[in-house]
Amino acid sequence: MTRGVTSEEAPRAVRALITGRVQGVWFRGWTVQEAEKRGITGWVRNLRDGSVEALFCGPRAALDDMLAACREGPPQARVENIELEDAAPPAEARFVQAPMY
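Residues numbered from 1 in each chain as written. Predicted model: local features only at pLDDT ≥ 70, side-chain atom pairs only at ≥ 80, totals over all residues. Heavy atoms only, no water.

Participant: Is there a simple way to explain the pattern of salt bridges in this structure?
Facilitator: A side chain with one charge may pair with a side chain of the opposite charge, provided their charged atoms come close. For the coordinates displayed, the defined rule picks out nine salt bridges. One salt bridge connects Arg15 with Glu85, and the closest N-O pair in it is separated by 3.8 Å. Of this pair, Arg15 sits in strand β1 (residues 11-21) while Glu85 sits in strand β4 (residues 78-86), placing them 70 residues apart in sequence. The exposure class of Arg15 is partly exposed, given its relative accessible area of 24%. For Glu85, a relative accessible area of 43% gives the class partly exposed. (Salt bridge = Lys/Arg side-chain N within 4 Å of Asp/Glu carboxyl O. Helix = DSSP H or I, 4+ residues; strand = E, 2+ residues; numbered from the N terminus. Buried < 20%, exposed > 50% of the residue type's maximum accessible area, 1.4 Å probe, protein only.)

See the structure below:
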């Protein structure tokens, strides 16, 4: 008997704009490690305004866990806000650091 994919298991993609003290504190490298642990695909990059942008794609539970981790960030970070919006899934099937935008 086959079973369908539930809404909790279906991949979802979100774009996150993370503000606060998030550059110069190893936020991108930490994000790659955390995303890989959760099986999330996408990318993370610094923006010229000092914020960090990320595209996360994976099952809802993994995304919720990743976003909760991002609210804390690595030890030297101070996350003030995370804005989320739905997004198209990434082209690559891994999580990478993208160049600054």
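Moving on from the model shown.
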